[in-house]
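# Remarks on the overall topology
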Amino acid sequence: MQEAVLTAEDLAAADEVLLLSSTRDVQPVHAVDGRALAAPGPVGRRLADLFARRAADRLDP
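None of the values given here were measured: they were computed from a predicted structure. (Residues numbered from 1 in each chain as written. Predicted model: local features only at pLDDT ≥ 70, side-chain atom pairs only at ≥ 80, totals over all residues. Heavy atoms only, no water.)

### A closer look at the overall build of the protein
The test is simple: Helix and strand definitions follow DSSP, with helices as H or I runs of at least four residues and strands as E runs of at least two, each counted in order from the N terminus. Throughout, a contact is declared for two residues whenever any of their heavy atoms are within 4.5 Å. For every accessible area listed, the method is Shrake-Rupley and the probe measures 1.4 Å; residues are considered covered only by the protein chains on display.
Counting its regular elements, the protein contains two helices and four strands. Seen in sequence order, the protein has helices and strands lined up from the N terminus as α-β-β-β-β-α. Long-range pairs, those at least 24 residues apart, make up 25% of the contacts in the protein with a sequence separation of at least 6. Within the structure as shown, the protein displays about 5000 Å² of accessible surface, and the carbon and sulfur contribution to it stands at 55%.

As structure tokens, this is what we get:
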């Protein structure tokens, strides 16, 4: 996983957008500036599944 600073252009070009947090896990974003997005898309589904499996295995995913 990599953390990066993204621009508004990056967000506008994204096929899928996800919010991740320790309290809400993996949350798909359904729209950006009125543009509908795949939610959840294939990456979001895989990431949510991985997060859930790791959370079930130990307290600190």
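### Considering the layout of surface pockets
Applicable threshold: Only protein atoms enter the 1 Å grid used here, on which a cavity is any set of points holding a 1.4 Å probe that cannot leave and a pocket is any open set flanked by protein within 12 Å on both sides along at least five of seven lines; residues with an atom within 4 Å of a point are listed as lining. Grid points are joined across faces, edges and corners, and a volume is the space filled by probe spheres set on the points. Under the scheme applied, nonpolar residues are Ala, Val, Leu, Ile, Met, Phe, Trp, Tyr, Cys and Pro; charged residues are Asp, Glu, Lys and Arg; polar residues are all the others, including Gly.
Approximately 290 Å³ is the volume found for the largest pocket. Of all the secondary structure elements, the ones that give two or more residues to the lining of the largest pocket are helix H1 (8-13), strand S1 (18-21) and helix H2 (42-57). Each residue belonging to the lining of the largest pocket can be placed in one class, and the counts come to eight nonpolar, no polar and two charged.

### Here's the deal with the pairing of S1
For clarity, the threshold we go by: Only when DSSP finds a minimum of two bridges between them are two strands counted as paired.
By the bridge criterion, four bridges tie S1 to strand S2 (residues 25-28) in an arrangement that is antiparallel. Following the sheet pairing, Ser21 is matched in S2 by Asp25.

### Quick notes on unusual backbone geometry
Between Ala39 and Pro40 the backbone carries a cis peptide bond, its omega angle lying at -5°. Tracing the backbone shows Pro40 in the loop between strand S4 (35-36) and H2. Not every positive phi belongs to a glycine, and Asp25 is a case in point at roughly 60°. The backbone phi angle of Asp33 is positive, close to 50°, even though this residue is not glycine. With respect to the secondary-structure elements, Asp33 resides in the loop between strand S3 (31-32) and S4.

Interpretation in functional terms is not warranted from these geometric data alone.
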